[in-house]
Amino acid sequence: MGARTLQQRYNAILAMVLLCLASGIAMAIPEHAVSTTKLLSQADQLKTSEHSRFLLILKQLHQNRQQLSPAEQQHLQYLDAWQTAYEGNYDQANRLLHALVKSGADAALASRAKALLVHNSFVERHYEQAYTMANSLMADLPEITDTTARMNVLSQVIQMLDRVDQYDLALKYAYQMEQAFPSGKGKCQADLYKSQTLLYRGDLVATSPQFRQTIDACRAINEPIYANSMSLDWAGMMNDEGYPDRAIALLRKTTPSIMKVGYQFHIAELHVLLARAWLLKNDSKRARLSALAALAANDSGKFNWTLQHAYEVLYKVARQTGNDSAALAWYEKYMAQYKAATQDAKAQTLAYQMVKQDVLSKKLALEKLSKQNKILQLRQSLDHKAAETNRLYILLLLLILGFIGLWAYRTKHSQIRFREMAHHDDLTGCLNRKRFLDVAEKTLHHLQKVHTHACLLILDMDHFKRINDTHGHLNGDKVLRHVAMTCREELRASDIYGRLGGEEFGILIPDCLCEQGSDIGRRICQTLAATSASLDDGARVTVTASVGLACTDTAGWDLRQLLTQADQALYGAKRGGRNRLAVHADDANSPERDVPT
């Protein structure tokens, strides 16, 4: 579904948003301290536009720290925390920020510190803490009058809403920022957030004017980081829509600015977008070099979308060049990144829902206390009418109990629904990869105890990218659902069926011999080839699939071994011309045997 999913784009934007907490705050100070105030203000405004000058001013301020007033020292402490987070030391940055908030700093500086704490929590993947603080800032927003603090808080609120798909509300705050800051750096940021929210919502295409307008607005005021971010988003959209030449031209034009700024994540993003563009042009050599450059710009021990797509490009290049062993190695790294990203996205969603539920619970608790207070007041005022008071009290009590019961029911229902969401793939309704692997492993363990065989099939749709490129990703989703439903109709209720990722599905068939598994896999291939999916544009497409089969009578009951053999058989089916089943053989010199449909 394109170079970057929405959630993956959110992760890229979150990594960049640290650089958005800029510009100074006004402080009334004695006339003799004007020079240090100017230095603090200059440092605050140069953080993102001229970072090298910012560091020089910061050093100068520290040399004269003893001459700073308490308020100026607090401002300097905020700048130190910002720079410490910029260098990646979030723990130390958070200690400085928490100390600053507790020290009784003025409201504007405290709000900026809290906004930076929200960002750091997102980067460190402490999502529940981040959403809790962001909700608190959102509640405080109407009371924040300082322009810089308000811009910082609005930035965090918009980022949070984008991450949980609340695009309409995010746009509302982006328009507020645009109205509050009609020119300068505020307008640059407002244009960036507004354009990115429209991009995530699916309202922009590669020819949309918002990309160019945002880039021009930010370059006009010498804010290269924001302009580079929009340029990279634009190049990604060009790749997604099949315009690699235009993407390459834009990326080459933007390269000098990205390298001059030296922001490492943008450098990695630049290389991976170039790698995808070269791959679209079938230039395997340049695609491989760009993907390796993206890896070099990353920390391989972590995960992000640039690593994931760099591994994907290297996997596809290795397959194109016939290097199957390298392809398998790159594929495993790609899937590890994909799995980590999927789990991270679910962790974010769950954290948001938990915070939302907690806020609702507290609100209901306050409402309950308020109702109880009103009941007591009513009882006192109507004490001389005992009969009427008793009837009214009982009625109100029943209403409260009913309200609490309804709330408890809705809470329990939400918990059940969240648990179901965590186990199933949102698009197809099948088990997600993690749940499929867990259930399959437990089932195999049981089957081994009772000495019962099973078959594992891995199904991969043939030429699925063509459908996305020709008919669009929404129609691609319809085709995925059609394939999932078609396969499910061919399976028993006891069969374990899940989506492993992308257009790949896994099926574990308990109490099944290899020959029976071959019949089922062949029947699925034939049924898919014989049916078609109806698309939104009125077209009907037929999709075929390649299937790899592994059986416990050759692989044993170890899930990893079954997956490896089924994957090898799948490669054999692809090499054999697709639209067929390949069975992994136990002969080491013949790793699979092709079974055409």
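Residues numbered from 1 in each chain as written. Predicted model: local features only at pLDDT ≥ 70, side-chain atom pairs only at ≥ 80, totals over all residues. Heavy atoms only, no water.

*Asks:* Just to check I follow, could you spell out the overall build of the protein chain for this structure?
*Replies:* If you tally the helices and strands in the protein chain, you get 24 helices and eight strands. In the protein chain, buried positions account for 51% of the 597 residues. Considering only contacts within the protein chain whose residues lie at least 6 apart along the sequence, 65% involve residues at least 24 apart. Counting every atom, the protein chain has about 28100 Å² of accessible surface; 53% of that belongs to carbon and sulfur. (Helix = DSSP H or I, 4+ residues; strand = E, 2+ residues; numbered from the N terminus. Buried < 20%, exposed > 50% of the residue type's maximum accessible area, 1.4 Å probe, protein only. Contact = heavy atoms within 4.5 Å. Areas by Shrake-Rupley, 256 points an atom, 1.4 Å probe, with all protein chains shown as cover.)

*Asks:* Looking at this structure, I do not really get the nonpolar core. What am I missing?
*Replies:* Here is a general trend for soluble globular proteins: nonpolar side chains tend to be buried in one another's company. Ranked by internal contacts, the top residues of the largest apolar core, which has 57 residues, are Phe211, Leu251, Leu273 and Val313. The dominant element in this core, judged by the number of residues it contributes, is helix α14 (residues 264-280), at eleven residues. Among residues more than four places away in sequence, those in contact with Val313 are Ala275, Arg276, Leu279, Ala287 and Ala291. Counting residues in each nonpolar core, the second largest holds 53 residues, with Leu39, Tyr78, Ile144 and Met160 among its members. (Core = buried A, V, L, I, M, F, W, Y, C linked by side-chain atoms within 4.5 Å.)

*Asks:* Explain the state of the cysteines to me, please; I cannot follow it from the model alone.
*Replies:* Put plainly, two cysteines are in a disulfide when a covalent bond ties their sulfur atoms together. Within this structure, the stated rule accounts for two disulfides. In this model, Cys188 is linked to Cys218 through a disulfide, with the two sulfur atoms separated by 2.0 Å. On the S-S bond that ties Cys188 to Cys218, the torsion sits near 100°, and the link is right-handed. One end of the pair, Cys188, is in helix α10 (residues 184-200); the other, Cys218, is in helix α11 (residues 209-220), with 30 residues separating them in the sequence. (Disulfide = S-S within 2.5 Å.)

*Asks:* So what exactly am I meant to see when it comes to the side chain of Asp460 here?
*Replies:* Inspection of the secondary structure puts Asp460 in strand β1 (residues 454-461). Within polar-contact distance, the side chain of Asp460 engages the side chain of Lys574 at 2.8 Å. If sequence neighbours within four positions are ignored, Asp460 has contacts with Glu503, Glu504, Ala545, Ser546, Leu570 and Lys574. (Polar contact = N/O pair within 3.5 Å; in protein donor to acceptor, adjacent residues only side chain to side chain.)

*Asks:* Explain the pairing of strand β6 (residues 545-551) here, please?
*Replies:* In the case of a regular strand, side chains alternate between the two sheet surfaces. Across the seven residues of β6, seven count as buried, placing the element largely inside the fold. Side chains of β6 alternate between two faces, with Ala545, Val547, Leu549 and Cys551 and Ser546, Gly548 and Ala550 buried alike. When β1 meets β6, the two strands line up antiparallel, connected through seven bridges. Paired with Ile458 across the strands is Gly548, a residue of β6. (Pairing = 2+ DSSP bridges.)

*Asks:* What should I look at first to understand the pattern of salt bridges in this one?
*Replies:* In a structure, side chains of opposite charge can pair up when their charged atoms sit close to one another. A full pass over the atoms with the stated rule returns 22 salt bridges. Of the charged contacts in the structure, one is a salt bridge between Arg276 and Asp240, with a shortest N-O distance of 3.9 Å. One end of the pair, Arg276, is in helix α14; the other, Asp240, is in helix α12 (residues 224-240), with 36 residues separating them in the sequence. In this structure, the salt-bridge partner of Arg575 is Asp324, at a minimum N-O distance of 3.4 Å. Of this pair, Arg575 sits in helix α24 (residues 559-575) while Asp324 sits in helix α17 (residues 324-381), and the two are 251 residues apart along the sequence. By relative accessible area, Asp324 is classed as partly exposed at 40%. When salt bridges with common partners are traced through the structure, they connect Asp460, Asp462, Lys574 and Arg578 into a single cluster. (Salt bridge = Lys/Arg side-chain N within 4 Å of Asp/Glu carboxyl O.)

*Asks:* What is the right way to look at α14 in this model?
*Replies:* Side chains that are three or four residues apart share a direction in an α-helix, a result of its 3.6 residues per turn. Taking 1.5 Å of rise per residue, 17 residues should cover 24 Å, and α14 covers 25 Å from first to last C-alpha, within 8% of that figure. Just beyond α14, the residue with positive phi is Asn282, at close to 60°. (Expected span 1.5 Å × (residues − 1).)

*Asks:* Where do I start with the side chain of Thr452 in this structure?
*Replies:* Within the secondary structure, Thr452 is located in the loop between α19 (433-449) and β1. When its relative accessible area of 19% is taken as the criterion, Thr452 is described as buried. The residues touching Thr452, leaving out its near neighbours within four places in the chain, are Leu447, Asp511 and Trp557.

*Asks:* Can you walk me through the pairing of strand β2 (residues 496-501) in this structure?
*Replies:* Burial of β2 is extensive: six of the six residues sit out of reach of the surface. The pairing of β2 with strand β3 (residues 504-510) spans five bridges and is classified as antiparallel. Paired with Gly498 across the bridge in β3 is Gly506. The loop that links β2 with its antiparallel partner β3 comprises two residues; one of these, Gly502, has a positive phi angle of about 60°.

*Asks:* Explain helix α8 (residues 147-163) to me, please; I cannot follow it from the model alone.
*Replies:* Between its first and last C-alpha atoms α8 spans 24 Å; for 17 residues at 1.5 Å apiece the expected length is 24 Å, and the two agree. Most of α8 is tucked away, with 15 of its 17 residues classed as buried. Where α8 begins, one side-chain oxygen reaches toward the backbone nitrogen of Thr148, 3.2 Å away; that side chain belongs to Asp146. Backbone geometry just downstream of α8 places Asp165 in the positive-phi region, at approximately 65°.

*Asks:* Before we go on, may I ask you to explain unusual backbone geometry in this structure?
*Replies:* Keep in mind that most residues, glycine aside, have a negative phi and that most peptide bonds are trans. Positive phi is not limited to glycine here, since Asn282 has a value of about 60°. Backbone geometry places Asp511, a non-glycine residue, at a positive phi of 55°. Note on placement: Asp511 falls in the loop between β3 and α22 (514-530).

*Asks:* So what exactly am I meant to see when it comes to the packing of helix α4 (residues 70-86) against helix α6 (residues 107-123) here?
*Replies:* Between two packed helices, what matters for the description is the angle formed by their axes and the separation of those axes. As a packed pair, α4 and α6 sit with axes 11 Å apart at the nearest point and diverge in direction by 15°. Taken together, α4 and α6 sit at an angle that is classed as roughly parallel. Crossing handedness for the pair α4 and α6: left-handed. Here Gln74, His75, Tyr78, Ala81, Trp82 and Ala85 of α4 lie close against α6, whose contacting residues are Leu109, Arg112, Ala113, Leu116 and Asn120. For the contact of α4 with α6, the class distribution of residues is seven nonpolar, three polar and one charged. (Axes fitted to C-alpha atoms, helices over the stretch in contact; angles between N-to-C directions. Parallel < 35°, antiparallel > 145°, perpendicular 65-115°, else oblique. Left-handed = near helix turned anticlockwise from the far one by under 90°. Nonpolar A, V, L, I, M, F, W, Y, C, P; charged D, E, K, R; others polar.)

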